[in-house]
Amino acid sequence: MLAVCGCLKFFWLSQNCGETSSMRLAALLPRATCLLSSSYIQLIRHIVPCTRTYCSAGGPWLYRDFIQQSLYHPTQGYFNKPQPPVKRLAEPINFNRILNQAEYKMVLSRVYKDLQVDWLTPVEVFAPWYGRAIARFILETRKHTLHSQNQPLAIVEIGGGTGTLAASILDYIAGKEPVTYSAMSYTTIEISSSLAAMQHDLLVQQRGHSQTWRCVAGDASQVSSWGNVAASLPLQHNLQQHCFVLMMEVLDNLPHDRVMRQTANGPWQQAAIVAEAQQQQQQQQHIAHGVCNLQPANIQQ
């Protein structure tokens, strides 16, 4: 096993057997992945062995696998930290008292300082109005486009965050259409146990939506999670009915690959992540062995 340093770099892995490109990408890792310590990277490399056809044990990682583990590892991932990186505002921002953009930026800066968070989503900043707008759209779409207002309403949110969006939507529907609310279901698919706990506290303990809201623990990219969603729905819900699926900032955090080719007709190359070893020569030898089987047919689709 190579010694692992805190600095990680990209390497383009050539399709040719045993050959690696010397090109290093200028782009940096996303901020979430840059926060990782060397001990964490080493932990992941032990816990999640590389199973790709061109990776030997401890060899290069596909970009998607590195993002998946950096963000969603059960104990060390960015979103699974004991203290989640996102929080909700203690009370909504009073936009009626904000005169201009400069004052808005001052208010937002003060909120960030008070909460000590990495970032806030529009759902949080513009609560409850953001969620209410989505709720109104759902109700209007059911009535005028889908003509399904007589069917029980089912909403599934992927990555429920702090629960603010669900609370805003459920509060609005409960107030505007209590009959619809009484038969609806709102399910969040949540991969983070700490965020799931925040959702439960807000939606059940504070807002009283225990009969309507439920949380399914799991990864929404896995079919099994959707099977668990279907199993959790109340009996009045037919799986053939319309279902509204909500995805907010989770779209920014989906694991993905990076591929390129140098010329229009050149071979496709796929980005991989390797740890910078203390001994560069030893690392280059390790990489060369790791990509020996990288052939066009083995590039992941």
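Everything discussed here concerns the structure shown above.
Attention in this report is confined to the structure presented alongside it. (Residues numbered from 1 in each chain as written. Predicted model: local features only at pLDDT ≥ 70, side-chain atom pairs only at ≥ 80, totals over all residues. Heavy atoms only, no water.)

Re the overall build of the protein
Phase 1 of the analysis: Secondary structure assignment for the protein yields 11 helices and 8 strands.
Phase 2 of the analysis: Buried positions account for 45% of the 301 residues belonging to the protein.
Phase 3 of the analysis: Relative to all contacts within the protein whose residues are 6 or more apart in sequence, the contacts with residues 24 or more apart total 73%.
Phase 4 of the analysis: Taken as a whole, the protein presents about 16400 Å² of accessible surface, with 53% of it coming from carbon and sulfur. (Helix = DSSP H or I, 4+ residues; strand = E, 2+ residues; numbered from the N terminus. Buried < 20%, exposed > 50% of the residue type's maximum accessible area, 1.4 Å probe, protein only. Contact = heavy atoms within 4.5 Å. Areas by Shrake-Rupley, 256 points an atom, 1.4 Å probe, with all protein chains shown as cover.)

Considering the environment of Thr212
Phase 1 of the analysis: As for its placement among the helices and strands, Thr212 is situated in the loop between helix H9 (193-206) and strand E5 (213-217).
Phase 2 of the analysis: For Thr212 and Ser185, which are 27 residues apart along the polypeptide, the C-alpha to C-alpha distance reads 4.9 Å.
Phase 3 of the analysis: Setting aside its immediate chain neighbours within four residues, Thr212 contacts Leu170, Tyr181, Met184, Ser185 and Tyr186.
Phase 4 of the analysis: Among the polar contacts listed, one links the side chain of Thr212 to the side chain of Tyr181, at a separation of 3.4 Å. (Polar contact = N/O pair within 3.5 Å; in protein donor to acceptor, adjacent residues only side chain to side chain.)

Examining the pattern of salt bridges
Phase 1 of the analysis: Applying the stated criterion to the full structure yields 3 salt bridges.
Phase 2 of the analysis: Linking Asp201 and Arg88 is a salt bridge whose minimum nitrogen-to-oxygen distance equals 3.4 Å. On the criterion of sequence distance, the pair formed by Asp201 in helix H9 and Arg88 in the loop between helix H3 (63-72) and helix H4 (101-115) is long-range, its members being 113 residues apart.
Phase 3 of the analysis: Judged by its relative accessible area of 33%, Asp201 is partly exposed.
Phase 4 of the analysis: A salt bridge links Arg207 to Asp171; its shortest N-O distance comes to 2.4 Å. Of this pair, Arg207 sits in the loop between H9 and E5 while Asp171 sits in helix H7 (residues 164-176), and the two are 36 residues apart along the sequence.
Phase 5 of the analysis: What makes Asp171 partly exposed here is its relative accessible area of 32%. (Salt bridge = Lys/Arg side-chain N within 4 Å of Asp/Glu carboxyl O.)

Structural notes on the sheet that holds strand E3 (residues 154-158)
Phase 1 of the analysis: Reading across from one edge, E5-E4-E3-E6 is the order of the 4 strands in this open sheet, with parallel pairing throughout. Either end of the sheet is taken by a strand with one partner, and the two such strands are E5 and strand E6 (244-247). The average undirected angle you get between the axes of adjacent strands in this sheet is 20°.
Phase 2 of the analysis: Where H9 meets the sheet, its contacts fall on strand E4 (185-190) and E5, and the angle it forms with E5 comes to roughly 170°. (Pairing = 2+ DSSP bridges. Axes fitted to C-alpha atoms, helices over the stretch in contact; angles between N-to-C directions.)

Observations regarding H7
Phase 1 of the analysis: Taking 1.5 Å of rise per residue, the 13 residues of H7 would be expected to cover 18 Å, and the 18 Å separating its terminal C-alpha atoms lies within 8% of that figure.
Phase 2 of the analysis: All buried positions along H7 are accounted for by Thr164, Leu165, Ala166, Ala167, Ser168, Ile169, Leu170, Tyr172 and Ile173. (Expected span 1.5 Å × (residues − 1).)

Here we look at the pairing of E3
Phase 1 of the analysis: Among the 5 residues that make up E3, 5 are buried, leaving the element largely enclosed by the rest of the structure.
Phase 2 of the analysis: Along E3, one buried face is formed by Ala154, Val156 and Ile158 and the opposite face, lined by Ile155 and Glu157, is buried too.
Phase 3 of the analysis: With 5 bridges joining them, E3 and E4 adopt parallel strand pairing. Across the sheet, the residue bridging to Val156 is Thr187, located in E4.
Phase 4 of the analysis: Summarising the sheet, E3 and E6 pair through 4 bridges and their orientation is parallel. Across the sheet, residue Glu157 finds its bridge partner in E6, namely Leu246.

So, the packing of aromatic side chains
Phase 1 of the analysis: For the structure shown, the criterion picks out 5 aromatic pairs.
Phase 2 of the analysis: Seen from their ring centres, Tyr72 and Phe79 are 5.8 Å apart, and the 15° between their planes marks the pair as stacked. Both residues of the pair, Tyr72 and Phe79, count as buried.
Phase 3 of the analysis: Each residue in the set Tyr72, Tyr78, Phe79 and Trp119 is aromatic and connected to the rest through ring pairs, giving one cluster.
Phase 4 of the analysis: Above the face of the Tyr63 ring, Arg258 is positioned so that its terminal group lies 5.7 Å from the ring centre. (Phe/Tyr/Trp six-rings, centres within 6.5 Å; stacked < 30°, edge-to-face > 60°. Lys NZ or Arg CZ within 6 Å of the ring centre and 35° of its normal.)

The analysis is restricted to geometry; functional conclusions fall outside its scope.
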